[in-house]
Amino acid sequence: MDYRTLGSTGLKVSPLCLGTWRFGMESDGVTETNRSDAHDLLDAFDEAGGNFIDTANGYGDGKSEEWIGDWLSDKNREDYVVASKVYWSQQSRFQENLSRKNIRAEIEGTLERLGTDYLDLYYIHRWDDETPIETTLRTLTNLVEEGKVNALGASSMAAWKLTKALWTSDTEGLERFDVTQPMFHAAHHEEVADYLDVCADQDLAVCPYSPLAGGFLTGKYERIGDGSSEVKSPDGSRGQLTEEFSEWYVSEAGWRVLDAIRETADELDATPAQVALRWLIQQSEFTCVPIVGARTVDQLSDNLGAVEIELSAEQFDRISNARDGDD
């Protein structure tokens, strides 16, 4: 596996990041990924050479961090790049924000659950309109200076807010965000185009969540009739379980992109999921490391196949042009 430098952080990471938001998640009283299955996924990712693990204090009400911490306990911590997030609170009913109080409380809980002295990467999970960004950045800078955090990241927000945060860091001499985590996949570009332009200009790494459009770009969904949002979904898939699936992921552009991905997959003897992930990995304007949230080891193994294929320039452009509606 070829490792890459994560933006300007200096961190060497695998081309794919393992997302753990399903670890401990309860859906209708059923745990989507239990502790045993979580460790199986971590084992498979590790054995394939993966070293970049993404979690958050709120995933599974803290279980995700706990289970990762259990798994890391007999590993060499220095071999792994571990990212977590802050905004929502596991410590207080009232402090769900990016205040100094909440960040200070949440980093301690996160480190305890993970069984580590430090995080490689700490994201703000969302923007806080009520706490001045300077306050948030100064608190995060102190965590870096104390050795509790190595690099900072930001999840989805408006491009102007990301720019404001970077400007504040530069003018106030504070640590800046070096990594971002927007929703970005081959069929979702217009909505994040300005945000990605900032990332490219400022040498920020991009770690997209939902890189397979909630499973839509795996090719397991079929169109019904002429409507862009009507799909035939496999049993147990997110298309059946999530009412918002069609609204979030399915569009006319999405069907065009899926057709281009399927055509390319046939040419490469690969799966649509592998091609969709590879299209992200091969972004040239910024370092792009997709976050994959597989539910099973078989799904994860399929996703990991993306590191073994290469899109030609024509194949890459075919997918990009389909997204934009160009021939």
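Within any chain, residue numbers begin from 1 and follow the written order of that chain's sequence. Selection of residues for local features in this predicted model requires a pLDDT of at least 70, selection of side-chain atom pairs for listing and counting requires 80 or more, and totals for whole chains, interfaces and linings are taken over all residues. Side-chain measures here rest on the full set of heavy atoms in the structure, leaving out hydrogens and waters.

Considerations on the overall build of the protein chain
Put simply, the rule is: Segments assigned H or I by DSSP are reported as helices when at least four residues long, segments assigned E as strands when at least two residues long, and all are numbered from the N terminus. Radius of gyration here is computed from C-alpha atoms only, and the compact-globule reference equals 2.2 Å multiplied by the residue count raised to the power 0.38. Surface exposure here means Shrake-Rupley accessible area, sampled with a 1.4 Å probe, where a residue is shielded only by the protein chains that are shown. His residues and chain termini do not enter the charge count, which takes Lys and Arg as positive and Asp and Glu as negative. Just so you know, the charge point we use is NZ for Lys, CZ for Arg, CG for Asp and CD for Glu.
When helices and strands are tallied, the protein chain shows 12 helices and 14 strands. The C-alpha atoms of the protein chain give 19 Å as radius of gyration, which agrees with the globular expectation for 327 residues (20 Å, within 12%). As presented, the protein chain carries roughly 14400 Å² of accessible surface, and 42% of it is formed by carbon and sulfur atoms. With 29 positive and 62 negative side-chain charges, the protein chain shows a spacing of 4 Å between the two charge centroids.

Comments concerning the pairing of strand E10 (residues 177-181)
Rules: Each residue's exposure class comes from its accessible area (1.4 Å probe, protein chains only) as a fraction of the maximum for that residue type: buried when under 20%, exposed when over 50%, partly exposed otherwise. Only when DSSP finds a minimum of two bridges between them are two strands counted as paired. Looking down the strands as they point away from you, a crossover is right-handed if its path from the first strand over the helix to the second goes clockwise.
Counted residue by residue, E10 has five buried out of five residues, so it is predominantly covered. Across four bridges, strand E9 (residues 149-155) lies against E10 in parallel orientation. Note on E10: the bridge partner recorded for Leu152 is Phe177. Between E9 and its parallel partner E10, the chain crosses via helix H5 (residues 159-172), and the hand of that crossover is right-handed. Two elements, E10 and strand E11 (residues 205-206), share two bridges in a ladder whose sense is parallel. When the bridges of E11 are listed, Val179 appears paired with Ala205. Tracing the backbone out of E10, into helix H6 (residues 193-201) and back to the parallel element E11 gives a crossover that is right-handed.

With respect to the pairing of strand E7 (residues 81-86)
Looking along a regular strand, one sees side chains alternate from face to face of the sheet. Counting buried residues in E7 gives six out of six residues, a clear majority hidden from the surface. The two faces of E7 match: Val81, Ala83 and Lys85 on one face and Val82, Ser84 and Val86 on the other face are all buried. The parallel pair strand E6 (residues 52-54) and E7 is bridged by helix H2 (residues 63-72), and the resulting crossover is right-handed. Taken together, the four bridges between E7 and strand E8 (residues 119-124) define a ladder with parallel strand orientation. Looking across to E8, one finds that Val86 is bridged to Ile124. For the handedness criterion, the β-α-β arrangement of E7, helix H3 (residues 100-114) and E8 is classed as right-handed.

Side note on the state of the cysteines
Selection rule: For the purposes of this analysis, a disulfide is any pair of cysteine sulfur atoms at a distance within 2.5 Å.
In the structure shown here, the tally under the stated rule is zero disulfides. Looking at Cys207, it has no disulfide partner, and the nearest cysteine sulfur is the one in Cys17, 6.1 Å off. Classification of Cys207 as buried rests on a relative accessible area of 0%.

Quick look at the side chain of Arg323
Operational definition: The contact rule is simple, with two residues in contact once any of their heavy atoms fall within 4.5 Å.
Structurally, the position occupied by Arg323 is in helix H12 (residues 313-324). Taking the relative accessible area as the measure of exposure, Arg323 reaches 13% and is therefore buried. Residues in contact with Arg323, not counting those within four places in the same chain, are Ala186, Ala187, His189, Ala253, Arg256, Val257 and Trp279.

Some thoughts on the nonpolar core
Just so we agree on the cut-off: Residues enter a nonpolar core if they are buried and are Ala, Val, Leu, Ile, Met, Phe, Trp, Tyr or Cys, with the set joined through side-chain atoms within 4.5 Å.
If you look at the biggest cluster of nonpolar residues, it comprises 83 residues, and the most contacted ones within it are Tyr122, Leu162, Phe177, Leu300 and Ile319. By residue number, the principal contributor to this core is helix H10 (residues 272-281), which donates seven residues. Setting aside its immediate chain neighbours within four residues, Leu162 contacts Met157, Phe177, Thr180, Tyr195, Val198, Cys199 and Leu204. Residues Val81, Leu121, Val179 and Cys207 belong to the second largest nonpolar core, which totals 15 residues.

Notes on the packing of H3 against helix H4 (residues 133-145)
Two packed helices can be described by the angle between their axes and the distance between those axes. This is how the line gets drawn: Axis definition: a line fit to C-alpha positions, over the contact stretch in the case of helices; interaxial angles, taken between N-to-C directions, run 0 to 180 degrees. An angle counts as roughly parallel when it lies under 35 degrees, as roughly antiparallel when it exceeds 145, as roughly perpendicular when it falls between 65 and 115, and as oblique in every other case. Note: crossing handedness is left-handed where the near helix turns anticlockwise from the far helix by less than a right angle, and right-handed where it turns clockwise. Classes in brief: Ala, Val, Leu, Ile, Met, Phe, Trp, Tyr, Cys and Pro nonpolar; Asp, Glu, Lys and Arg charged; the others, Gly included, polar.
One can describe the packing of H3 onto H4 by two numbers: an axis separation of 9 Å at closest approach and a directional angle of 30°. With respect to H4, the element H3 is oriented roughly parallel. For the pair H3 and H4, the sense of crossing is right-handed. Counting all contacts with H3, which are made through Arg100, Ile103, Arg104 and Ile107, the residues of H4 involved are Thr135, Thr136, Thr139, Leu140, Asn142 and Leu143. Looking at the contact of H3 with H4, its residues break down into four nonpolar, four polar and two charged.

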